[in-house]
Amino acid sequence: MQEYDLIIIGGGPAGLAAAVSAKEQGIDSILILERDNQLGGILNQCIHNGFGLHTFKEELTGPEYSQRFIDKVIDLGIEYKLNTMVLDVNEDKQVTAVNSDDGILELKAKAIILAMGCRERPRGALNIPGARCAGIYTAGTAQKYVNVEGLMPGKVVVILGSGDIGLIMARRMTLEGANVKACVELMPHSSGLKRNIVQCLDDFNIPLKLSTTIINIHGHDRLCGVTIAQVDDNRKPIKGSEEYIACDTLLLSVGLLPENELSRKANVKLSKVTGGPLVDERMQTSIPGIFTCGNVLHVHDLVDNVTTESYTAGKNAADSIKGIYKTGKTVEVIATGGVRYTVPTTINPENIGNGIDVRFRVGEVHKAAYISVYFDDTREMHLKKKILTPGEMESVKLTKAVFDKYSDCTKITIKVEKE
Amino acid sequence: MYDVTIVGAGVIGCSIARELSKYNLNTCVIERSSDVASGTTKANSAIVHAGHDAKPGSMKGKLNAKGNAMFMDLSKELDFPFKRNGSLVLCFHKENMIDLNHLLKQGEENGVPDLVILSGDQVREMEPNVTDNCVGALYAPTGGIVCPYEMTIALAENANNNGVEFKFETEVKNIEKSSDHYVIKTNKDDIETKMIINAAGLFSGDINNMVSKNKINITPRRGEYVLFDRTIGDLIKKTIFQLPTKLGKGVLVTPTVDGNLLIGPNAIDLDDKSNLDTTREGIDDIVLKAQMSIQMPFPMNMVITSFSGNRSASDTDDFIIEEAKGAKNFINVAGIASPGLSSAPSIATMVVDIVTEKLVPNKNLNFNPIRKGIRKFREMSNEQRKEIIKEIPEYGTVVCRCETVTEGEIIDSIRRPLGARTLDGVKLRTRAGMGRCQSGFCSTRIVDILSKELNIPRTEVTKSGGNSILLTGKNKQSL
């Protein structure tokens, strides 16, 4: 059984940044395991720009952004294995993986970082009724065909869901010669970024139909159309509002799910809200020595946020290997009143340096509202926000000084307040 | 000239084909789809019924328990998944216990072994997640679960290996009677044959009506199902039926041989035989009914997919297995609705008895009963995995991450006899794409492999034959 200080599962933006960070903290024995045939993860198919505004202060494409980290990994001499699928991880931090060169790899690590990313919610999980014909793709699968393989999944397209990949694909498919008829969203608001709605739909006159869903799918061999309908406040289709749209392609952009099958094998406790692991201030899961970052933890809006979070995870995994961290009293972080979840869910103030960013998302759109942070029952922060939407990740910075002020505090509550 | 032509490559047609391959007969199977198991066989409850439901004396009553008893040997010879997990028919009201007794008597008359009536508490001891409302149940230890399409693929491969020819995408247009044989007109070549076995499932009425004055009417009866993730596959271990009442037949809850949990079906009569749509109302209805059997609420966030299948319901509500009136040497195997899958092995021997009586063939001395399935990486120990990767390096590349299917298995599924030609063909043979992501990640890879193995461009790869193309052209081609 080969031993490493740190094994990172996943060579996408999260895994790469965590590896670079741990290496910079002096950890030399690192192995990245990547199931695809190249490093970079999903960024490799995100050929649009807009990545890196925070991290590099410039606009990069997905492959450019990931290449910066791939170059660093190679410069720093960090070991990685491609086409390598992790089959098992356990609480003793043993990892079983497979590839065709090494066969079965049996490895052990002092620390593990889970960075497996997320997957798209498929049609089956939505139970959309209708035919099981060809021509129905998740937006990400279509993106891979178009952007990596240069092949079109169809000519006349309807998009269900207004997640960012769906919006991006509306523009991409249009530019590549398809006719995108509409983007249909069940909720009264989009789950994507505002800038994507403007740049990918509005600029191409693609209608965004809110509070609308697909109630039937038609076609025998290949898709020939969908029936859409408006929904009421309970998201039930409104009779009489049905409309048939002829199309040969349906793209689904209806949510991303953190991919935690391996976390489950290692008995890592998962959040019921995000589906990702519950973590403390060091990005450590419920299993000591197993850390996590990126979309496997919670789905991010911007890759820049993944990078920041993964640097933290990499540094903390390094500190854990070196044994330099504090144990002791922790403060619970509670998400309520419109805030769906927080990362982390517990904080030991002795491990946060000068402060910590607590990240979260809201469940619905709030205009002119406040983000409030309570230390026990005292409202310490009251931040005015013009708008809060589910599509964008929010964060609050809690400084060491505030923790010192409330040294007896046992719980921090974060919520949305009208005033 | 063929001795025997079987119309339909479902579980019935393929069972008969394999049974016929034990004789020196020139046999052919024709199928309108691009693959075996494309109709009712692909989407059903996947249950091997014990045999207590059918009326004694009916075809169903005679053949079900007999077929059930043949499954263990067959699954071993042909290497397909079958498990005798036992079944329970739940009773929810004391006053219906008498009906449970009636079912037991009926089962015994049909030759079902070891039936026993359990109290509600005994049931919950056996299956702790069964509802507290259950007052008793009929327990049938011989009830089983099977993978119907893997079984059919196995039967077809073995039949093919023993000399049976298969013609796909071959649709019967008409059948002409000659002096001592039939000429089957198809969308391709004419087929001359001494005998015809009509195992055309939903279309068996249409095929019969081409030659016989005694018309058969088959109604497609849709059944919808909901499939749950493996995470809750062990909610129950046995197949849980509900005692039929005035209000309906009830809905079953069962583990599948692949470890998922399946609930369904409802029963809706349709006009269109190829309509496999699922409906919101149908899905809601089966979830509501299935919930009656189980104490805890079904975790709807664990649903992987829903699907529907159409059973071939005959007007007599029984199997029709006989020579068609006024059509010598034309044998109907029609109206094979439930328990058709369970009866498939005994239906096959019954049909072969008819054929051998007519044609008096010699035994095929070269018949090899053994068929080996695709070696499944996910079921191997790490030692076995190391061995096979040394031998076949493609077994080291995982293509379908949800179901852990390797490139080696996918290549085997394409290269073996009657191999996969489509994305669905690969899926049925290997499970690639059947997991929780529903092929989101692996479909691009599988299209690549199919394109390479079949030596066709990726734009010609289909989901399931016909016009079900996946890719419409290159980028910017239509600008």
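As a reminder, the structure under discussion sits directly above these lines.
Please read all numbers here as calculations on a predicted model, not as lab measurements.

Calculation rules
- Residues numbered from 1 in each chain as written.
- Chains lettered and ligands numbered in written order.
- Predicted model: local features only at pLDDT ≥ 70, side-chain atom pairs only at ≥ 80, totals over all residues.
- Heavy atoms only, no water.
- Helix = DSSP H or I, 4+ residues; strand = E, 2+ residues; numbered from the N terminus.
- Polar contact = N/O pair within 3.5 Å; in protein donor to acceptor, adjacent residues only side chain to side chain.
- Contact = heavy atoms within 4.5 Å.
- Pairing = 2+ DSSP bridges.
- Axes fitted to C-alpha atoms, helices over the stretch in contact; angles between N-to-C directions.
- Core = buried A, V, L, I, M, F, W, Y, C linked by side-chain atoms within 4.5 Å.
- Buried < 20%, exposed > 50% of the residue type's maximum accessible area, 1.4 Å probe, protein only.
- Phe/Tyr/Trp six-rings, centres within 6.5 Å; stacked < 30°, edge-to-face > 60°.
- Lys NZ or Arg CZ within 6 Å of the ring centre and 35° of its normal.
- Parallel < 35°, antiparallel > 145°, perpendicular 65-115°, else oblique.
- Left-handed = near helix turned anticlockwise from the far one by under 90°.
- Nonpolar A, V, L, I, M, F, W, Y, C, P; charged D, E, K, R; others polar.
- Buried area = accessible area lost by both parts, 1.4 Å probe.
- Salt bridge = Lys/Arg side-chain N within 4 Å of Asp/Glu carboxyl O.

**Student:** With reference to specific residues and values, describe the side chain of Ser314(B).
**Tutor:** Residue and element names in this part refer to chain B. Turning to its location among the elements, Ser-314 is positioned in strand β18 (residues 303-314). Side-chain polar atoms of Ser-314 contact the backbone oxygen of Asp-318, separated by 2.9 Å. Once you skip the residues sitting within four places of it in the chain, Ser-314 turns out to touch Asn-217, Ile-218, Ile-320 and Gly-335.

**Student:** With reference to specific residues and values, describe the sheet that holds strand β17 (residues 243-246) of chain A.
**Tutor:** Residue and element names in this part refer to chain A. Judged by pairing direction, the sheet is antiparallel, and its 3 strands sit side by side in the order β15-β16-β17 without closing on themselves. Each of the sheet's edge strands pairs with one partner strand only, and the pair in question is β15 (212-219) and β17. The sheet shows a mean angle of 25° between the axes of neighbouring strands, taken without regard to direction. Here strand β16 (residues 223-230) runs beside β17; their pairing, made up of 4 bridges, is antiparallel. Bridging from a neighbouring strand, Gly-225 pairs with Ala-246 of β17.

**Student:** Summarise the nonpolar core; cite the residues concerned and give the values.
**Tutor:** Within the largest apolar cluster, 51 residues are counted, with the highest numbers of intra-cluster contacts made by Met151(B) and Phe166(B). When residues of this core are traced back to their parent elements, those giving at least two are β1 (2-7), α1 (11-20), α2 (59-78), α5 (148-161), β12 (191-198), β20 (330-334) and α8 (340-359) of chain B.

**Student:** How would you sum up the packing of aromatic side chains? Please name residues and give values.
**Tutor:** In the structure shown here, the tally under the stated rule is 11 aromatic pairs over all chains. Measuring from centroid to centroid gives 5.4 Å for Phe56(A) and Tyr65(A), while their planes differ by 70°, and the two rings are edge-to-face. Judged by its relative accessible area of 0%, Tyr65(A) falls in the buried class. By way of ring pairs, the aromatic residues Phe56(A), Tyr65(A) and Phe69(A) are connected into one cluster. Over the ring of Tyr325(A) we find Arg282(A); its NZ or CZ atom is 3.9 Å from the centre of that ring. Positioned over the ring face of Phe441(B) is Arg401(B), at 3.6 Å from the centre of the ring.

**Student:** How would you sum up the packing of helix α2 (residues 62-75) of chain A against helix α8 (residues 303-322) of chain A? Please name residues and give values.
**Tutor:** Residues and elements named next belong to chain A. Relative to each other, α2 and α8 sit at 25°, their axes nearing to 11 Å. Of the possible angle classes, the one that applies to α2 and α8 is roughly parallel. Between α2 and α8 the crossing geometry is right-handed. Contacts between α2 and α8 involve Tyr-65, Phe-69 and Lys-72 from the former and Val-303, Asp-304, Thr-307 and Tyr-311 from the latter. Each residue belonging to the contact of α2 with α8 can be placed in one class, and the counts come to 4 nonpolar, 1 polar and 2 charged.

**Student:** Got a sec to walk through the interface of chain B and chain A? Specific residues and values, please.
**Tutor:** With 51 residues of chain B at the interface, the matching set in chain A holds 48 residues. Interface of chain B and chain A: buried area, both sides summed, is about 4,200 Å²; carbon and sulfur atoms make up 52% of it. Put simply, chain B and chain A have 5 salt bridges between them. The salt bridge partner of Arg436(B) is Glu261(A), with a shortest N-O separation of 3.5 Å. Scanning the region where chain B abuts chain A turns up 23 residue pairs in polar contact (both at pLDDT 80 or more). Of all the secondary structure elements, the ones that give two or more residues to the side of chain B that touches chain A are α7 (280-291), β18, α9 (382-391), α12 (443-454) and β23 (473-474) of chain B.

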